[in-house]
Amino acid sequence: MDNPVLKPIPFTERRSPITMALLWLTMVTSFPAVLAGFAWYRQGIGFNQLIYCSAISILLLLLYSVPACELGARTGLGYCALGRTIFGRWGAMLLVINLIWLFVAWYGLTAVLMAQAVINLFHQHLPLIWLSVICALLMSFNNFFGFKGVANFARFLGGPVLIVWVGYVFLKALNSPVVAINPHLYHPTNVYALNIISSFIIGFAVWGNEQDYWRYAKPGIWRSMIPLMVSFAVGQVVFPMAGWLIGRASSGIDFESTTAFMSNYCFGSIAIIGLLIITADYFSTNDSSLFGCAAALETIKPLSHSLSVAIFALAGTFVAALLSLTDMAESLSAMVSLNCIILPIPTIIMLIEWWLRQQVFHAETSFDTASDLATLPAVRWTAIIALFAGLTVGIATSGLIPAFEFCHFGICSLQAWLTSIVVYILLRVYEYNKRSIITI
């Protein structure tokens, strides 16, 4: 157990709530949230619908995020380290693989989004693919300094810059004149609006591996709840609201030119200021994605952190080159839908196991030690079955697969989470009663 990723973070190295709030702010606040609000206005979603649908989504986020962050803070262990005991050897490998491919995809997508923003800011016909590659490579720099580099970038640059930018964009949008509203604009039902808004907010703000970052925080409900509430309010309420207000103040903008219009609106004519803002924004997001990938790999293979970062920086660069040739809107939509399903379900199963041990089984087993893979069974079927049950329901109801369009209803992430909870509790209690003792 010489691998530092498998050991709890000492309390002397834990960060303050302010640092964690600024870090999380950079992880859930991004320019695509403004674009989402803009798109929601174009889809006919009203301002009142936006407000209460966002409020419901944030409440669901907190119900998941606070326990998930507390799990990391109380145990000092990360996502894949905690998952070993619950899922077994091959189950742990599955968690690592899922986290890596999804975060590498996010890394590449974010690099392309930044490259597109740079092109729109400077109005230069630069090749998107090469600019995306350059951005992807540069975005890996902070991670070579470990969590310290990621946290300090968010604390001293990313967080403060985003707070100022969010305030500026929101106030500008609030004071923008309203253009004539198209009387033929379709107004969706409240259920449809909740489906659209919650899918984006939850998908964009849920990371799934919250433990990898909050293991560096001090435990305490309010120490996690307040930073989370502030970051969600800024990143997933104020920003989309600003986008909606901008949409109300504009007319005749087709979807293809939305990004360019929004870049000019949000950053003005001073391109260098816009470059500073998008650098703080997108670099912070990819800092966290790359850190999560490296931490996941290091739980399986004890490589140096620098080597892990280099491997995934190159992988993310390759993905960025590929995504630069695709439809960005469809890529972003698919990533958001998958993100709120695939990674959070294992965390939810870990939380349910933690609760069962304390409240139902009254077990003394501690969660603050990562199990040695050699001592674990190949698969813990109770957790694996619950995982795939949740994944099946979530993906089927997300609308991602055309053949299952008839299943597209409700909030796919919530339905997936509840399915995994119910299945795991039933199977785990049955297992416990059958064996009479806890075997893990």
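Note that the coordinates shown come from a computational prediction; the quantities given were computed from them, not determined experimentally.

Criteria and thresholds
- Residues numbered from 1 in each chain as written.
- Predicted model: local features only at pLDDT ≥ 70, side-chain atom pairs only at ≥ 80, totals over all residues.
- Heavy atoms only, no water.
- Helix = DSSP H or I, 4+ residues; strand = E, 2+ residues; numbered from the N terminus.
- Buried < 20%, exposed > 50% of the residue type's maximum accessible area, 1.4 Å probe, protein only.
- Contact = heavy atoms within 4.5 Å.
- Areas by Shrake-Rupley, 256 points an atom, 1.4 Å probe, with all protein chains shown as cover.
- Axes fitted to C-alpha atoms, helices over the stretch in contact; angles between N-to-C directions.
- Parallel < 35°, antiparallel > 145°, perpendicular 65-115°, else oblique.
- Left-handed = near helix turned anticlockwise from the far one by under 90°.
- Nonpolar A, V, L, I, M, F, W, Y, C, P; charged D, E, K, R; others polar.
- Expected span 1.5 Å × (residues − 1).
- Core = buried A, V, L, I, M, F, W, Y, C linked by side-chain atoms within 4.5 Å.
- Phe/Tyr/Trp six-rings, centres within 6.5 Å; stacked < 30°, edge-to-face > 60°.
- Lys NZ or Arg CZ within 6 Å of the ring centre and 35° of its normal.
- Salt bridge = Lys/Arg side-chain N within 4 Å of Asp/Glu carboxyl O.

> Looking at this model, I keep getting lost on the overall build of the chain. Mind explaining?
Looking only at helices and strands, one finds 16 helices and zero strands in the chain. Sorting the 440 residues of the chain into buried and exposed places 57% on the buried side. Excluding contacts between residues fewer than 6 apart, the proportion of contacts in the chain whose partners are at least 24 apart in sequence is 87%. Carbon together with sulfur atoms contributes 70% to the accessible area of the chain, which is approximately 18,100 Å² in total.

> For this particular structure, what's the right way to read the packing of helix H1 (residues 17-28) against helix H9 (residues 221-248)?
For any two helices packed against each other, the geometry comes down to the angle between their axes and how far apart the axes lie. Packing of H1 against H9 brings their axes to within 8 Å, and their N-to-C directions diverge by 30°. Judged by the inter-axis angle, H1 sits roughly parallel to H9. Handedness of the H1/H9 crossing: right-handed. The residues of H9 that touch H1, namely those facing Pro-17, Ala-21, Trp-24, Leu-25 and Val-28, are Arg-223, Pro-227, Leu-228, Ser-231, Phe-232, Val-234, Gly-235 and Gln-236. Among the residues making up the contact of H1 with H9, the classes are represented as nine nonpolar, three polar and one charged.

> I would appreciate a short explanation of helix H11 (residues 271-300) in the present structure.
One full turn of an α-helix is made of 3.6 residues, so residues set three or four places apart face in the same direction. For H11, spanning 30 residues, the distance from its first C-alpha to its last is 44 Å, which sits close to the expected 44 Å at 1.5 Å a residue. Along H11, 24 of the 30 residues are buried, which leaves the element largely enclosed by surrounding structure.

> Hey, could you run me through the nonpolar core in this one?
Soluble globular proteins: nonpolar side chains tend toward being buried together. Membership of the largest hydrophobic core comes to 135 residues, with the highest contact counts inside it found for Trp-24, Tyr-213, Phe-232 and Ile-349. For this core, the element with the highest residue contribution is helix H4 (residues 79-122), accounting for 25 residues. Each residue touching Phe-232, except ones within four places of it in the same chain, is listed here: Trp-24, Val-28, Ile-58, Leu-61, Leu-62, Ser-65, Ala-205 and Val-237.

> Would you explain helix H2 (residues 31-42) in this entry?
Taking 1.5 Å as the rise per residue, H2 with twelve residues should run 16 Å; its terminal C-alpha atoms sit 17 Å apart, in good agreement. Burial within H2 is extensive, with ten of its twelve residues counted as buried. Taken residue by residue, H2 has Phe-31, Pro-32, Ala-33, Val-34, Leu-35, Ala-36, Gly-37, Phe-38, Trp-40 and Tyr-41 as its buried positions.

> Would you take a moment to explain the packing of aromatic side chains for this structure?
Aromatic rings considered in pairs are described by the distance between their centres and by the relative angle of their planes. Using the criterion set out here, one finds 17 aromatic pairs in the structure. Look at Phe-200 and Phe-204: their rings are 5.2 Å apart centre to centre, the planes differ by 20°, and that puts the pair in the stacked class. With a gap of four residues between them, Phe-200 and Phe-204 both fall in helix H7 (residues 190-205), about one helical turn apart. Under the relative-accessibility criterion, Phe-200 is labelled buried at 10%. Looking at Phe-204, the relative accessible area reads 10%, which means it is buried. Centre to centre, the rings of Trp-207 and Tyr-213 are 5.9 Å apart; their planes meet at 75°, and the pair counts as edge-to-face. Tyr-213 carries the same exposure label as Trp-207, and that label is buried. Among the aromatic residues, ring-to-ring pairing joins Trp-24, Phe-103, Phe-147, Trp-207, Tyr-213, Trp-214, Tyr-216 and Phe-291 into one connected group. When the ring centre of Phe-11 is taken as reference, the NZ or CZ atom of Arg-14 above it lies at 4.5 Å.

> Quick question: what am I supposed to make of the packing of helix H5 (residues 128-138) against helix H12 (residues 305-323) here?
Following both chains from N to C, one finds H5 and H12 inclined at 160°, their axes separated by 8 Å at the closest point. Taken together, the axis directions place H5 and H12 in an arrangement best described as roughly antiparallel. In this structure, H5 meets H12 at a crossing whose hand is right-handed. Along the contact surface, H5 presents Ile-129, Ser-132, Val-133, Ala-136 and Leu-137, while H12 presents Leu-314, Gly-316, Thr-317, Ala-320 and Ala-321. Its residues placed into classes, the contact of H5 with H12 shows seven nonpolar, three polar and no charged.

> What am I meant to see in the pattern of salt bridges here?
Between side chains of opposite charge, a pair can form as their charged atoms come close. Enumeration according to the criterion identifies four salt bridges in this entry. A salt bridge links Glu-353 to Arg-428; the nearest nitrogen and oxygen atoms lie 2.8 Å apart. Here Glu-353, found in helix H14 (residues 344-360), pairs with Arg-428, found in helix H16 (residues 412-435); they are 75 residues apart in sequence, far enough to count as distant. Residue class for Glu-353 comes out buried when judged on its relative accessible area of 0%. In this structure, a network of salt bridges that share partners links the residues Glu-353, Arg-357, Arg-428 and Glu-431.

> Got a minute to help me understand the environment of Phe-153 in this structure?
Counting through the fold element by element, Phe-153 comes out in helix H6 (residues 146-174). With sequence-adjacent residues up to four places away left out, Phe-153 is seen in contact with Asn-142, Gly-158, Thr-279, Ala-280, Phe-283, Ser-284 and Asp-287.

> Is there a simple way to explain the environment of Ala-154 in this structure?
On the secondary structure map, Ala-154 appears in helix H6. Spatially, the C-alpha atom of Ala-154 lies 8.4 Å from that of Trp-24, the residues being 130 residues apart in sequence. If we ignore the near neighbours within four places in the chain, the residues touching Ala-154 are Leu-22, Leu-23, Thr-26, Gly-159 and Pro-160.

On their own, these measurements won't tell you what the molecule is for.
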